[in-house]
There are 2 protein chains.
Amino acid sequence: MSAAARTPEVIRHPSQDRILDVAEALFASRGFSGVGLAEVAEKSDLSKSSLFHHFKSKTEIYASVLERLFKRLWETLEPTVDMSADPWTQLNQIVDVWTGFMADNPNTAKLLLRSMVERDFEDAGLSREELLNRHGRYLRLIIQKVVTLMKAGMDAGTFRQQSIGHFVQTLIGATIFHFASGEFGSGMIGGDQFDPRRVEARKTELKNFLRSGLGSAAGDSR
Amino acid sequence: MSAAARTPEVIRHPSQDRILDVAEALFASRGFSGVGLAEVAEKSDLSKSSLFHHFKSKTEIYASVLERLFKRLWETLEPTVDMSADPWTQLNQIVDVWTGFMADNPNTAKLLLRSMVERDFEDAGLSREELLNRHGRYLRLIIQKVVTLMKAGMDAGTFRQQSIGHFVQTLIGATIFHFASGEFGSGMIGGDQFDPRRVEARKTELKNFLRSGLGSAAGDSR
DNA sequence: GTCTATAGCTAGATAGAC
DNA sequence: GTCTATCTAGCTATAGAC
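None of these values were measured; they are calculated from a predicted model.

## What about the overall build of chain A?
The number of helices and strands found in chain A is 10 helices and 0 strands. Of the contacts made within chain A by residues no fewer than 6 positions apart, 64% connect residues no fewer than 24 positions apart. Taken as a whole, chain A presents about 9800 Å² of accessible surface, with 52% of it coming from carbon and sulfur.

Structure representation (structure tokens):
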């Protein structure tokens, strides 16, 4: 076991990163089957054949796009959450960082949504398990963090007793959909979701909602 | 103007409905570009050419699938919400019916998500506007209902003051994602999302969350 | 209304020169 | 590592018989 063995840095050829940048944006907006390698090649200033020198198949490009993106998400989120803080503070930090990442990396929400909804790749020779074990590893780490926080918060009486699984589903849906919803979403909030002012508004609305739900203190009679 | 002019019933040939049933399930799981008409034809017990007798193009099939589904959703939701009831009751009714529809029509959540995230059809000759004006009409009616309810609830002091647009985004994300998330979601809640017991649990968790947020009465100190 | 046959095109992937 | 040329299989859509 050599010294610097943890998080082995993937050394990528400049062309590889250019391909992944181009492919990421295209896969996000049109999905796996909706993207042709001719377009990826053209926008990468390469020929189609050169893509196959760097990646053995289209599916391999897709898997690499997801892996790179989710690794970045985890590496952004992991160090910014203070695990010794109280549950509300931790939750707010997670919402801030998660939302901030979606805003800074506009392909993330759509790709994350697709990676859960789609089954395209199953026809393409790479099994769901293989694909999930490449990028899904990082997603599991993130979720584990939220689950741990919820358990602690419920034990301490800070959070209401509830199903952690359902809460995670609600939280993911609420945070991701907003940034994946494109023109629909910008219509709902009166302008581009990715505008910095609206991103901050989104964080505030989410945190208030998590704390209080929909009700006012006054009208809270069941 | 003849007598029975409202909600003109679309008369469809049995084959047309069979095609739409098959196409609906396929488009939901693999998206517009991910589905080939050969498979649609085979599973409809027809030849590919017969599809083109009933629909002028693949895009037309996709648009018809969405239109039929969203029309059903609106017609299910519209009469079941008692507009004279108090805001909490109305909101709970909307959550119950909406969630129930997603559970009874398992393709809805995925198709709704896709219709907002994807841009496939733009390459296929039908503009976003044309497509949205076919099925989007019903979606707008539904959202209008929620917006009206929120305004009334906030004016009455029943609901906390907040951005209605952000609330709608949160609500849609929270309700749709759960039923679109496939194996990921069933992993989160320990079994099939569409199992009737878990559907009821989902409704309850959502309604509690809307009312109280995450916090307990005890730990609610900001 | 349904079929067979096929046109015309584009997809992912490979061969082999440089 | 990048290219041109090419293969084969798939695609949407049409023609025309029954």
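## Quick word on helix α6 (residues 108-117) of chain B
Taken across its 10 residues, α6(B) has 10 buried, putting it largely inside the fold. Among the residues of α6(B), those classed as buried are Thr108(B), Ala109(B), Lys110(B), Leu111(B), Leu112(B), Leu113(B), Arg114(B), Ser115(B), Met116(B) and Val117(B).

## So, the protein's contact with DNA strand D
Lining the immediate environment of DNA strand D, one finds 16 residues, of which Ser47(A), Ser49(A), His54(A), Leu37(B) and Lys48(B) sit closest. Sugar plus phosphate, as a fraction of atoms of DNA strand D within 4 Å of the protein: 51%. One nitrogen or oxygen atom from the side chain of Ser15(A) is found 2.9 Å from a phosphate oxygen belonging to DNA strand D. One of the backbone N or O atoms of Lys58(B) is found 2.8 Å from a phosphate oxygen in DNA strand D. It is helix α3 (residues 48-54) of chain A that provides the largest number of residues to the surface near DNA strand D, a total of 4 residues. For the surface near DNA strand D, the residue count by class is 4 nonpolar, 10 polar and 2 charged.

## Describing the layout of surface pockets
Residue and element names in this part refer to chain B. The volume enclosed by the largest pocket comes to roughly 430 Å³. Around the largest pocket sit 20 residues that line it, and Val10, Arg12, Glu67, Lys71 and Tyr138 are the ones nearest its centre. Element by element, the count of residues in the lining of the largest pocket is highest for helix α4 (residues 58-77), at 7 residues. Residues that form the lining of the largest pocket fall into these classes: 6 nonpolar, 4 polar and 10 charged.

## A closer look at the relation of the copies chain B and chain A
For the pair chain B and chain A, the best superposition has an RMSD of 0.1 Å and corresponds to a rotation of 180° with a translation of 0.0 Å parallel to the axis. The operation mapping one copy onto its partner corresponds to a two-fold rotation axis. Scanning chain B for the C-alpha nearest the rotation axis identifies Gly213(B), at a separation of 1.8 Å. Residue by residue, 100% of the interface of chain B is reproduced at the interface of chain A, so both copies engage with the same surface.

## Overview of the packing of aromatic side chains
Summed over all chains, the structure comprises 15 aromatic pairs over all chains. Taken together, a centroid distance of 4.9 Å and an interplanar angle of 80° make the contact between Phe27(A) and Tyr62(A) edge-to-face. Placement of the pair is Phe27(A) in helix α1 (residues 14-30) and Tyr62(A) in helix α4 (residues 58-77), with a sequence separation of 35 residues. By the burial criterion, Phe27(A) is buried, and Tyr62(A) matches it. Among the aromatic residues, those joined into a ring-pair cluster are Phe167(A), Phe209(A), Phe167(B) and Phe209(B). Here the basic side chain of Lys58(B) rests over the ring of Phe32(B), its NZ or CZ set 4.5 Å away from the ring centre.

## Thoughts on the protein's contact with DNA strand C
Around DNA strand C, the surrounding shell holds 16 residues, and the nearest of these are Leu37(A), Lys58(A), Ser47(B), Ser49(B) and His54(B). Within the side chain of Ser15(B), a nitrogen or oxygen atom sits 3.0 Å from a phosphate oxygen of DNA strand C. One of the side-chain N or O atoms of Ser50(B) is found 3.0 Å from a phosphate oxygen in DNA strand C. Contributions of two or more residues to the surface near DNA strand C are made by α3 of chain A together with α3 (48-54) of chain B. Per element, the largest residue contribution to the surface near DNA strand C is 4 residues, and it comes from α3(B).

## Here we look at the interface of chain B and chain A
Opposite the 63 residues of chain B that make contact, chain A presents 63 residues. Of the roughly 5800 Å² buried at the junction of chain B and chain A (both faces included), carbon and sulfur atoms supply 57%. Sorting the residues of chain B by area buried against chain A places Arg160(B), Gln169(B) and Leu214(B) first, and these three jointly supply 14% of that buried surface. For the pair chain B and chain A, the interface holds 2 salt bridges. With its nearest N and O atoms 3.4 Å apart, the salt bridge here joins Glu118(B) to Arg114(A). Taken together, the connections running from chain B to chain A amount to 14 residue pairs in polar contact (both at pLDDT 80 or more). Every element with two or more residues in the side of chain B that touches chain A is listed here: α1 (14-34), α5 (87-104), α6, α7 (128-155), α8 (164-180), α9 (182-189) and α10 (196-212) of chain B.

## A short note on the environment of Arg140(B)
Within the secondary structure layout, Arg140(B) lies in helix α7. Taking the C-alpha atoms as reference, Arg140(B) lies 28 Å from Val35(B); in sequence the two are 105 residues apart.

## A few points about unusual backbone geometry
Phi is positive for Asp45(A), which is not a glycine, with a value near 55°. Examined against the element boundaries, Asp45(A) turns out to sit in the loop between α2 (37-43) and α3.

## So, the packing of α1(A) against helix α6 (residues 108-117) of chain A
All names here are of chain A. Axis separation between α1 and α6 bottoms out at 8 Å; the angle between their running directions is 60°. It follows that α1 is oblique to α6 by the angle criterion. Handedness of the crossing formed by α1 with α6: left-handed. For the pair formed by α1 and α6, the contact residues are Glu24, Phe27, Ala28, Ser29 and Arg30 on the first element and Lys110, Leu111 and Arg114 on the second. For the contact of α1 with α6, the per-class residue count stands at 3 nonpolar, 1 polar and 4 charged.

## Re the pattern of salt bridges
Where charged atoms from two side chains of opposite charge approach closely, those side chains can pair. Within the structure shown, the criterion is met by 28 salt bridges over all chains. Between Arg12(B) and Asp17(B) there is a salt bridge; the shortest N-O distance is 3.0 Å. Classification of Asp17(B) as partly exposed rests on a relative accessible area of 26%. Linked through salt bridges whose partners overlap, the residues forming this network are Arg12(A), Asp17(A), Asp21(A), Glu24(A) and Arg68(A).

Cut-offs used in this document
Residues numbered from 1 in each chain as written. Chains lettered and ligands numbered in written order. Predicted model: local features only at pLDDT ≥ 70, side-chain atom pairs only at ≥ 80, totals over all residues. Heavy atoms only, no water. Helix = DSSP H or I, 4+ residues; strand = E, 2+ residues; numbered from the N terminus. Contact = heavy atoms within 4.5 Å. Areas by Shrake-Rupley, 256 points an atom, 1.4 Å probe, with all protein chains shown as cover. Buried < 20%, exposed > 50% of the residue type's maximum accessible area, 1.4 Å probe, protein only. Near = heavy atom within 4 Å. Polar contact = N/O pair within 3.5 Å; in protein donor to acceptor, adjacent residues only side chain to side chain. Nonpolar A, V, L, I, M, F, W, Y, C, P; charged D, E, K, R; others polar. 1 Å grid on protein atoms, 1.4 Å probe; cavity = no way out; pocket = protein on both sides within 12 Å on 5 of 7 lines; lining within 4 Å. Points joined across faces, edges and corners; volume = space filled by probe spheres on them. Least-squares fit on C-alpha atoms with pLDDT ≥ 70 in both. Phe/Tyr/Trp six-rings, centres within 6.5 Å; stacked < 30°, edge-to-face > 60°. Lys NZ or Arg CZ within 6 Å of the ring centre and 35° of its normal. Buried area = accessible area lost by both parts, 1.4 Å probe. Salt bridge = Lys/Arg side-chain N within 4 Å of Asp/Glu carboxyl O. Axes fitted to C-alpha atoms, helices over the stretch in contact; angles between N-to-C directions. Parallel < 35°, antiparallel > 145°, perpendicular 65-115°, else oblique. Left-handed = near helix turned anticlockwise from the far one by under 90°.

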